[in-house]
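Each chain, letter by letter, is given below.
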Amino acid sequence: YNNMDIQRSDGFVVQTGDPKGEAEGYVGTPSKSVGAGKYGERLIPLEIFVQGDKGPFYESTIEDEGRGGQATVLPFSSYGAMGWAREEYEPNSGSSQFFWLLFDSDLTPAGKNVLDGRYPCFGYVVEGADFLRDIKEGDIIVSAKVTEGAENLVQPKQ
C-alpha cells in the first residue's frame, strides 16, 4: 500500500487498495486458496465469523446461510472499523481493497446494520481516528505497515 492513493472518501467510508490498471485488486499468482480474477486479480473468499460459532464460514454471506441478524465476532459497530471491500453481489471477489467506516452505528446494533455478515470486518482504528475525517480522494498513503498482531495472521494452505 506504499504510495497508493485513496480511491474513495464519501462520508460513509475511506477506501484504498486498488492498484492502477484494469485489474480491480492485487495481481499475483493464483493458488488453490487464492482464485484468479478477470484480469489476474488475487481473489479472496468471503470469511464471516458469527458470535458463538467455533470458527468462520466461507464463500457466502450471513443471509445466504439463513442467519441474518446474528452478530459477528468483529461487527461494524464503530467509527474506524476496517473492512474488506468486494463486489456487492459476488462474495468471493475481495482482493486488496479495504475501507474504514466513517460513522458510529450506536443506533444500529451488531448484526442489524447493512455491513455485518456481508463484508468481513478485520479490525478497528484505535489511535488517530479523527485523522480519517480529513482524508480525501487522491490523498497518498506514503507507507503502511503492520505494527502489532502480525503473529495472528494465518497463511492459507497451498
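Before reading further, recall that the structure is shown in the block above.
Here we summarise the structure given alongside this text. All values derive from a computational prediction rather than experimental measurement.

Thoughts on the environment of Ile48
Within the secondary structure, Ile48 sits in strand 5 (residues 47–48). Residue classification places Ile48 among the buried positions, given a relative accessible area of 3%. Separated by 26 residues in the primary sequence, Ile48 and Leu74 place their C-alpha atoms 9.1 Å from one another. Aside from chain neighbours lying at most four places away, what touches Ile48 is Pro56, Phe57, Ser60, Thr72, Gly117, Arg118, Tyr119 and Pro120.

Focus on a nonpolar patch on the surface
Residues Phe49, Val73 and Leu74 make up a contiguous nonpolar surface patch of roughly 210 Å² in combined accessible area. Considering the arrangement of structural elements, one finds Leu74 in the loop between strand 6 (57–58) and strand 7 (81–84). Using a relative accessible area of 34% as the deciding quantity, one classes Leu74 as partly exposed.

Remarks on the pattern of salt bridges
Tallied over the entire structure, the rule returns five salt bridges. The shortest N-O distance in the salt bridge between Asp10 and Arg8 comes to 2.6 Å. The class for Asp10 is partly exposed, based on a relative accessible area of 42%. Its relative accessible area of 32% is what places Arg8 among the partly exposed residues. For Arg67, the salt bridge goes to Asp53, with nearest N and O atoms at 2.8 Å. In this pair, Arg67 sits in the loop between strand 6 and strand 7 while Asp53 sits in the loop between strand 5 and strand 6, placing the two residues 14 residues apart along the sequence. Given the relative accessible area of 25%, Asp53 is considered partly exposed.

Remarks on the packing of aromatic side chains
Counted according to the given criterion, the structure contains seven aromatic pairs. Where Phe12 meets Phe103, the ring centres are 5.5 Å apart and the plane angle is 20°; that geometry is what we call stacked. Here Phe12 is found in the loop between strand 1 (4–9) and strand 2 (13–16), whereas its partner Phe103 is found in the loop between strand 8 (98–101) and strand 9 (121–124), with 91 residues between them in sequence. Residue class for Phe12 comes out partly exposed when judged on its relative accessible area of 31%. The partly exposed category is assigned to Phe103, whose relative accessible area is 29%.

Some points on the nonpolar core
Formed by Ile6, Val14, Tyr79, Met82, Phe98, Trp100, Leu102, Leu132, Ile135 and Ile141, the largest nonpolar core amounts to 10 residues. The contacts of Met82, once residues within four sequence positions are left out, are Phe76, Phe98, Phe99, Trp100, Pro120, Cys121, Phe122 and Gly123. Membership of the second largest hydrophobic core comes to nine residues, among which are Val13, Phe76, Phe99 and Leu101.

Side note on the side chain of Ser93
When you line up the elements, Ser93 lands in the loop between strand 7 and strand 8. A relative accessible area of 12% places Ser93 in the buried class. Reaching out from Ser93, the side chain makes a polar contact with the backbone oxygen of Glu90 at a distance of 2.7 Å. Sequence-distant contacts of Ser93, defined by excluding residues within four places in its chain, comprise Leu43, Ile44, Arg86 and Glu87.

Cut-offs and rules
Residues numbered from 1 in each chain as written. Predicted model: local features only at pLDDT ≥ 70, side-chain atom pairs only at ≥ 80, totals over all residues. Heavy atoms only, no water. Helix = DSSP H or I, 4+ residues; strand = E, 2+ residues; numbered from the N terminus. Buried < 20%, exposed > 50% of the residue type's maximum accessible area, 1.4 Å probe, protein only. Contact = heavy atoms within 4.5 Å. Patch = residues over 30% accessible without salt bridge, like charges linked within 9 Å, V, L, I, M, F, W, Y side chains within 5 Å. Areas by Shrake-Rupley, 256 points an atom, 1.4 Å probe, with all protein chains shown as cover. Salt bridge = Lys/Arg side-chain N within 4 Å of Asp/Glu carboxyl O. Phe/Tyr/Trp six-rings, centres within 6.5 Å; stacked < 30°, edge-to-face > 60°. Core = buried A, V, L, I, M, F, W, Y, C linked by side-chain atoms within 4.5 Å. Polar contact = N/O pair within 3.5 Å; in protein donor to acceptor, adjacent residues only side chain to side chain.

Read these as spatial facts, not as claims about activity.
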